[in-house]
Amino acid sequence: MAEDLVLDRAIRDWVLIPLSVVMVLIGFLRYFVSKLMRSYQTPDRKVVKEGQVVLRARNLRVAAGFIPTKSFWSRRVYFTNEENGLLHVPKEQAQNPQAQMFSDPNMAMDMMKKNISMIVPQTLTFTWVNFFFSGFVAAKIPFPLTHRFRGMLQNGIDLSTVDVSYVSGRSWYFLNLFGLRGLFSLILGEENATDDAQRMMQMGGFGFDPTKSLSAEKDSLDIIQHEWILPKMEKRAEDVLKKLLK
Amino acid sequence: MVGAEEAARLDRLEIQVENGGGGAWEYLCLVRKLKPRRSDKVLKHGLAILNDPKARSNLGGEEWTLYEQVAFAAFDCQQHNVAKVFSLSLPLPLHMCDCVAVLSKEFPGSLRVGRLEGMLLEAENSWAEAEKVYARLLEDNPLDQIIYKRKVAIAKAQGDLKVAVDFLNKYLEIFMSDHDAWRELAEIYVSLQMYKQAAFCYEELLLSQPTVSLYHLAYAEANESQCIEYSGFIILLFLRFLLTAFIEQVLYTMGGLENLLTAKKYYASTITLSGGKNTRALYGICLCSAAISQLTKGRSKEEKESSDLPSLAAEALLRDYKYRAPKKLPLLNSMLKNMKLSS
C-alpha cells in the first residue's frame, strides 16, 4: 500500500505532455472560433444611462463631504425622490429580469453560443481522455488523498490497493483545465473565451444587474449623513502655510 | 493617468527622434497611448514613415492606425496641403485629404473613418456638411460619445456657446459620469458668466475627483464671482492685481456673504492640497477675507474668530514674490496694505 511505484519515463513523454499540448491547442481554437462567432451587441441606451447614473450616485456617496450641504441635499433629492428620481425603480419593473432575459432573442442566442463554445470542447476532450488515457497510472500526486477521490481520479485502475496518490490521466486533464487559464491570459491577452471557471461562476448570479444596483445605491444614499469637511480645511491650510513659512 | 516614467520616456524619445536617431514608430505609439498634444512632431515623423514604402510595409496592419493618427495631427496643424517627398511606388504626395481618402477606401462605411471625414469637413470650415455627416453617423450609432463631442466642438467653434451648452447638456443626460464633459461645460458657463451653473458643474467634478486642487480653486472662484453682479465682476478682475478703494462701489447681493465664506473655505482647501504653493489660492484668501470683513463691518458686534489665515497667506505671497518676481513686490505691498487698512 505504501510502496513506491516507479513510473516509466515514457508515460511523461506520451501522456502528460501530449495532453497538455492538446488542451492548449484546443484553447487557441476556441478563442479564435469565438472571436469569429461573436456578434456585436449594441448597448442599449437605457442600460448605458443606468450604468452612468450608478457611477455618479456612487461618487456622490463617496465624496459627499466635499460639497456644501445644500448642494448635497438637492442632489440627493434629485436621485432618490419618489416621483422621478433617477434611482427610483417602480415595483413593476423590478420583476422583469427573468422574463426579459428569456424573451430577448439576442441575449438568448448569445448565451447559447457561449455555452456551446464552452461545453462541447470540454465534453469531447473529456471523452477522448477517458478513452485513451485510462487504465494505467499516469502520475503521482505529491500529497496524500482520501479514498473518496479514488473513483474520480483513478479512472480504470480497478485495484483498490494502489495508493490514491497514483492517478490516471483524468486528473491531469482536470489539472490542466483549471490551470491553463493563467497561461491563456498571458498568451491571448485579457479577454479570452477560455475562462471556463469564471464563466461558470457568472452563470449562477445572472439577473438584471442595473435594477438591483440602482436600488442598492438609492438605499445607501438615503442613509448618508452629510458632514461638510471643508471648515476643517481652513485650519489645515493655516498649518500648511505655517510650516511653509518656517 | 500618465506615469512619471512614461512622461520621461516620451520626452527622451522626442529628443532622440528630433535629432535624427531612430525610434519614430515607438515615439508615435507612445504618443497614441499617452495622448499628449504634439501634433507637429507627429505630423512630421508620421508622414516621414508613411511616405517611405519600406517603412510603411514594415508596419503591416498598424499602417491604418498611423494614417488615422497622422490625419488627426494634420487637422490640428491645419495642414490641408502638406506636400512631401515623392516615392517610387506611390507617385502622389501624401497630404491630409489623402490620408482620409486612403482610409475610406480601405474601410468603407466604418464609424471611425466616418468620424475622420466629419473632422476633415470641420477643419475646412464647412460646418453644415460636417453636421450632416455627424447626424448620419449618430443615426447608426446613437451611443457614440465622440460624435456628440464633435457636435459640441462645431457649435463652440462657430461661437454659438448657447447651442454648445444645449448639446453638452443633452450629452450629459446620458453619459453623466464623463468628467471631461462636466469640465468643458463648467468652462463654457464661466465664459458665459453663468456662475451658479458653473458652480454646479464644478461640484460634480469635485465629487468625482476630490483631490484635484484645480477644481477646488475653480469652485471657489465661481462662488466668489456669484456674489458680485455683472458690472462688478469686471472691476473685480481689475482689482485682483490693483486693489484700490473701488471695492466700496461694488454691489453685493444678499447671498454674498455666504458665498464668500464658502469661497474662502475652498481656497483654503486648495492651499492644503497644493501645499501652499498655489498663488491664485493665496490671493483668493486675502481678497475673500478683505471682502468678508468689509461686509461684516457694521453688521455684527461679535468678532468672528480671527484666524491667522489671511496674514499667513499674505506673508506667503510676499515670500513668493520676493523669490520669483521681485520687481512686482512694491505693487503687492501696496495692495496688501490697502487690504489691511480697509479691513
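Looking at an unreviewed UniProt entry, one finds chain B named ER membrane protein complex subunit 2 and attributed to Zingiber officinale. Per its UniProt entry, chain B bears the Sequence similarities (unreviewed entry) comment "Belongs to the EMC2 family."

Chain A goes by ER membrane protein complex subunit 3 in an unreviewed UniProt entry, where it is assigned to Zingiber officinale. We quote the UniProt Sequence similarities (unreviewed entry) comment for chain A here in full: "Belongs to the EMC3 family." UniProt's Subcellular location (unreviewed entry) comment on chain A is quoted here verbatim: "Membrane".

### A look at the overall build of chain A
Counting secondary structure elements, chain A contains 11 helices and two strands. Of the regular secondary structure in chain A, the N- to C-terminal order runs α-α-α-α-α-α-β-α-β-α-α-α-α. Looking at chain A residue by residue over its 246 residues, the buried ones come to 37%. Taking contacts inside chain A between residues at least 6 apart in sequence as the whole, the part at least 24 apart equals 69%. Total accessible area computed for chain A in this model is approximately 15,700 Å², and 63% of it derives from carbon and sulfur atoms.

### Topic: the UniProt feature "domain: EMC2 TPR-like" (unreviewed entry) in chain B
Those places that UniProt annotates as "domain: EMC2 TPR-like" (unreviewed entry) correspond, in this numbering, to residues 113-225 of chain B. The span residues 113-225 of chain B shows a helical share of 81% and a strand share of 0%, and its end C-alpha atoms are spaced 44 Å apart.

### Observations concerning the interface of chain B and chain A
At the junction of the two partners, chain B supplies 39 residues and chain A supplies 33 residues. Across the interface of chain B and chain A, roughly 3,300 Å² is buried in total on both sides, 68% from carbon and sulfur atoms. Its largest share of buried area at the contact with chain A, chain B owes to Met176, Leu207 and Lys265 of chain B, together 21% of the area lost on that side. Linking chain B with chain A are four salt bridges, by the criterion used here. A salt bridge links Glu204 of chain B to Arg75 of chain A, with the nearest nitrogen and oxygen atoms 2.9 Å apart. Counting every contact that joins chain B to chain A gives 10 residue pairs in polar contact (both at pLDDT 80 or more). Of all the secondary structure elements, the ones that give two or more residues to the side of chain B that touches chain A are α9 (145-157), α10 (161-174), α12 (195-208), α13 (213-226), α15 (256-274) and α17 (309-324) of chain B. Top contributing element to the side of chain B that touches chain A by residue count: α15 of chain B, with nine residues.

Thresholds applied
- Residues numbered from 1 in each chain as written.
- Chains lettered and ligands numbered in written order.
- Predicted model: local features only at pLDDT ≥ 70, side-chain atom pairs only at ≥ 80, totals over all residues.
- Heavy atoms only, no water.
- UniProt positions renumbered as here; feature names shortened; annotations may be inferred.
- Helix = DSSP H or I, 4+ residues; strand = E, 2+ residues; numbered from the N terminus.
- Buried < 20%, exposed > 50% of the residue type's maximum accessible area, 1.4 Å probe, protein only.
- Contact = heavy atoms within 4.5 Å.
- Areas by Shrake-Rupley, 256 points an atom, 1.4 Å probe, with all protein chains shown as cover.
- Buried area = accessible area lost by both parts, 1.4 Å probe.
- Salt bridge = Lys/Arg side-chain N within 4 Å of Asp/Glu carboxyl O.
- Polar contact = N/O pair within 3.5 Å; in protein donor to acceptor, adjacent residues only side chain to side chain.

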